[in-house]
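Observations on the model geometry
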Amino acid sequence: MTRTPLRPLARILPARAKGENPAVIERENIRQRHAEMQDRARVRAEGRLLVLGLFFFCAFLVVGGRMAVMATSEPQEPVASAHGASIAAQRADIVDRKGRILATNFETHSLYAQPPELVDPEAAARGLVRIFPDLDEARLIRDFSGKRKFVWIKKRISPEQKQAVHDLGDPGLLFGPREMRLYPNGKLAAHVLGGAGFGREGVNAAEVIGVAGVEKQFDDYLRDPANGAQPLALSLDLTVQAAAEQVLAGGMKLMNAKGASSILMDVHSGEVVSVVSLPDFDPNDRPRPPVSGDPSDSPLFNRAVQGVYELGSTFKIFTAAQAIDLGLVSAETIVDTSGPMKVSGYPIGEFHNKNYGKLSVADVIVHSSNRGTGRLALEIGPERQKAFMGALGMFDPTPFEIVEAHGGQPLVPERWTELSTVTISYGHGLSISPMHLAAGYATIANGGHYVSPTVLRQDGPQHGPRVLSERAAADARRMLRKVVTDGTASFGEVPGYAVGGKTGTADKPKPRGGYYDDKVIATFASIFPAHDPKYVLVVTLDEPSVQAYQEERRTAGWTAVPVAAEMIGRLAPLLGLRPDVEPGPRAAITLTSN
Amino acid sequence: MRGIAYVLTALAVFGLAFWAYRENYATQQVLKETRALQQQIGAAQLRMGVLRAEWAYLNRPDRLSELAGLNFDRLGLLPLRPDQFGLIDEVSYPPEPLLPITNPVDVSTMAEGEQP
């Protein structure tokens, strides 16, 4: 490129000669040069813009093309990335604490018909009725020969039935795959497991949803495919549960009770090892909920968590333990239990109108004196008693993880008067479920920490908030042991297991107010071994009555206690507890002086 | 010189194209095998689920106690009781094994001798 000088001599000299300004020439040249430079820059910028535009065009083309391809193609799992963790489409299993199956899935088929495809509707209907005797032939023929295009015949059929339908050979009878929830142990732990049913249904699949118990409580977990084949591990022990159901059913029959429940709970971890409510049902074929009558008469009713009852004298130990914890009394303090005693105008009586006279606090529990505990409660006072009951979790439904537990709302008096304080001290006026009672006794048994009962397997002890001092809990345990050795629960002695416990017999309330004279709830809440408690066992019998020594007996000492003793004798070995010699009382020291 | 470079480049392109072609088909083959394997795994898992359900069903406590009752004559099984716990020193040592026979007597020839 030739560069033109800004002041070419050839033009400057003639211009000077003419007397013109040579700077004009210079400016003219500068202007020309700038114009050239501008042209070049514009061309270059235009080129760059073109390249950039081309690039963006291509990029948009690629993105648009990819979108079009994705929109028109069939959705597909990326295969290469699906290795390793397999995706389980099934509902997760439920297993017991040792991994034994409590609930699993099973592949079955459903049967439906497409009437237009049927070759011989009447023969098909006849054949189906031969295979499934519960079907109505006339109705099938009406469905098959009418205008319907689709008829469900059976929701679940067995492989044998499927083969039999196949053998009918009618092309209008079709099968859809179904996943079915199976409880291989039948009635075992029916109330905990609950049951499952079909949710949304299609021809090719049906949704299995939990309808009760843990199946409903943990429905989201069980259905979540991200959990893979990880089963839900419960705290129940299959063997212990089966033995408990067997013994309790026998006891219920023997004691002529119409219902029974038992809870066996680890006092440190809060794991419920066995929970039974009788009568029970088969979760494979869950009965329909009753539409009339008392819901507690249905086998679906879970007495252990749903049934809120006044559990009677079993509460006395809480009063005594709190009185000792507050330092008001010791186990040896003498309490006057003689009558008459009136609180807010209501007389407080004893069982069979007995009069025990002056008793120590321990003997108040041993003889189950209402007036004795009432007087202790009056010393404690309503506020402190209410706070203590609240700390034991007696005002809220138990945190036990089955859906039914949310329905076990305790019945708490609206105004906590002095009379309520006295009646609640011996277990009347506050209705709770046996599960609440088990949690309360576990607090005494483990040395004063609150434990929340759980149905999930735990790895170690819960360290709940402290409710009672170590010393008060130990005194309460000694009193419970004394109830069995010298008191109302003498049938509860199981050699080697040092059972301690408290009986409770409460009259059943009538639905319209007042109490029945001849219907009771008999409860025995026990801990074993009393010197180093591992387990709490609460046994409740509904309306027991037994003939002994020419008399009709209903009290817990005659009904619930023998059943509980039999259960402990049967279950403790299964739990791996060795019978042990109870450590004797420390040698008394005689103080002498010279 | 430039010609050789062109030829080598062309050969390299051919080689790479052939390699890519082969890899493509090998990958598709492997994916197919993976799919088949996963189907097999799924079927096996399904079958395992059925077998485990069957195992649990056959081992249900009701049935086991019924079987124990049926076979009581032969097995004499009863529920575990607390008095069945023992101490380790109540377990006796296994009997001493018999001493090895160092001078065996051949009884087969003795029996033959008695025959007439």
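Each value, and the rule that gives it
- Residues numbered from 1 in each chain as written.
- Chains lettered and ligands numbered in written order.
- Predicted model: local features only at pLDDT ≥ 70, side-chain atom pairs only at ≥ 80, totals over all residues.
- Helix = DSSP H or I, 4+ residues; strand = E, 2+ residues; numbered from the N terminus.
- Rg over C-alpha atoms; globule rule 2.2 N^0.38 Å.
- Buried ≥ 20, exposed ≤ 12 C-beta atoms within 10 Å, placed from the backbone.
- Contact = placed C-beta atoms within 7 Å.
- Domains from an automatic or database assignment.
- Axes fitted to C-alpha atoms, helices over the stretch in contact; angles between N-to-C directions.
- Parallel < 35°, antiparallel > 145°, perpendicular 65-115°, else oblique.
- Left-handed = near helix turned anticlockwise from the far one by under 90°.
- Nonpolar A, V, L, I, M, F, W, Y, C, P; charged D, E, K, R; others polar.
- Arc of directions from axis to C-beta.
- Pairing = 2+ DSSP bridges.
- Core = buried A, V, L, I, M, F, W, Y, C linked by C-beta atoms within 7 Å.
- pLDDT = per-residue confidence, 0-100.

For chain A, the helix and strand inventory stands at 17 helices and 20 strands. Compactness check: chain A gives a C-alpha radius of gyration of 41 Å against a globular reference of 25 Å for 594 residues, more than 25% above the reference. Counting only C-alpha atoms and orienting by the principal axes, one finds that chain A spans roughly 150 × 95 × 50 Å. Per-residue burial over chain A gives 43% buried out of 594 residues. Restricting to contacts in chain A with at least 6 residues of sequence separation, those with at least 24 account for 70%.

The next subject is the interface of chain A and chain B. Contacts between chain A and chain B engage 27 residues on the former and 20 residues on the latter. Contributions of two or more residues to the side of chain A that touches chain B are made by β2 (101-113), α9 (238-254) and α17 (560-574) of chain A.

Another point: the environment of R81(B). Mapped onto the fold, R81(B) is located in the loop between α3 (72-75) and α4 (107-114). Residue class for R81(B) comes out exposed when judged on the 12 C-beta atoms lying within 10 Å of it. Beyond its immediate stretch of four places on either side in the chain, R81(B) contacts G569(A) and P573(A).

Before going further, it helps to examine the domain arrangement of chain A. Bring the parts together and some accessible area is lost; that lost area is often taken as the interface size. All names here are of chain A. Each assigned domain of chain A is listed here: domain 1 (94-233) and domain 2 (240-574). Distance between the C-alpha centres of domain 1 and domain 2: 43 Å. Across the contact, 19 residues belong to domain 1 and 19 residues belong to domain 2. Contributions of two or more residues to the side of domain 1 that touches domain 2 are made by α6 (190-193) and α7 (213-217).

Below, the discussion takes up the packing of α9(A) against α17(A). Residue and element names in this part refer to chain A. At a minimum axis distance of 10 Å, the contact between α9 and α17 shows a crossing angle of 160 degrees. Taken as axis vectors, α9 and α17 run roughly antiparallel relative to one another. Of the two possible hands of crossing, α9 and α17 adopt the one that is right-handed. Of the residues in α17, those touching α9 at T239, V240, A243, A244, V247, L248 and G251 are V563, E566, M567, R570, L571 and L574. Its residues assigned to classes, the contact of α9 with α17 comprises nine nonpolar, two polar and two charged.

Attention now moves to the packing of helix α3 (residues 121-131) of chain A against helix α5 (residues 159-168) of chain A. All names here are of chain A. Following both chains from N to C, one finds α3 and α5 inclined at 160 degrees, their axes separated by 10 Å at the closest point. When the interaxial angle is binned, α3 and α5 end up roughly antiparallel. Here α3 runs over α5; the crossing is right-handed. Residues A124, G127 and I131 of α3 form the contact with α5, whose participating residues are Q161, A164, V165 and L168. A breakdown of the residues in the contact of α3 with α5 according to their chemical character gives five nonpolar, two polar and no charged.

Let's shift gears to α3(A). Each α-helix winds once per 3.6 residues, and so residues spaced three or four apart point in a common direction. Residue and element names in this part refer to chain A. Three or more residues of α3 are buried, namely A124, A125 and L128. One side of α3 holds all its buried residues, which, seen down the axis, span an arc of 100 degrees. Where the residues of α3 are buried, they touch α4 (137-145), β3 (151-157), α5 and β4 (173-182).

All names here are of chain A. Ordered by their spatial adjacency, five strands build an open sheet running β9-β8-β18-β17-β16, and the pairing between neighbours is antiparallel. If you trace the sheet from one side to the other, it starts and ends with β9 (272-278) and β16 (500-509), each paired once. For this sheet, the mean angle separating the axes of adjacent strands, direction not counted, is 10 degrees. Where β16 meets strand β17 (residues 515-528), nine bridges bridge the pair, whose relative direction is antiparallel.

Residue and element names in this part refer to chain A. Counting 127 residues, the largest nonpolar core has A320, V536 and I568 as its most contacted members. When residues are assigned to domains, this core turns out to be shared by domain 1 (94-233) and domain 2 (240-574), each giving three or more. The residues touching V536, leaving out its near neighbours within four places in the chain, are M265, V267, A438, Y441, A442, A445 and I527. Core analysis: the second largest hydrophobic core is formed by eleven residues, A113, A124, A125 and F144 among them.

With seven of ten residues buried, β16(A) is to be regarded as a mostly interior element. Counting the residues in the hairpin turn of β16(A) and β17(A) gives five residues, including G513(A), whose phi is positive at 100 degrees.

Attention now moves to the confidence of the model for chain B. Low-confidence regions, as indicated by low pLDDT, have predicted coordinates that should not be scrutinised in detail. Predicted confidence across chain B gives a mean pLDDT of 87, with 93% of residues reaching 70 or more. Two summary scores accompany this predicted model of the complex, namely pTM at 0.77 and ipTM at 0.72.

Attention now moves to unusual backbone geometry. Residue and element names in this part refer to chain A. The amide bond that connects L278 to the next residue, P279, takes the cis arrangement and shows omega of -5 degrees. Looking at the secondary structure, you find P279 in the loop between β9 and β10 (309-310). The residue after F528, namely P529, is reached through a cis peptide bond having omega -20 degrees. Tracing the backbone through its elements, the reader meets P529 in the loop between β17 and β18 (535-542). The backbone of S368 sits at a positive phi, close to 60 degrees, despite the residue not being glycine. As for its placement among the helices and strands, S368 is situated in the loop between α11 (361-367) and α12 (370-380). Exposure remark for S368: the 29 C-beta atoms within 10 Å place this residue in the buried category. We note that Q550 has phi near 55 degrees; this positive angle belongs to a residue other than glycine. Position of Q550 relative to the elements: it lies in the loop between β19 (546-548) and β20 (551-553). Using a count of 5 C-beta atoms within 10 Å as the deciding quantity, one classes Q550 as exposed.

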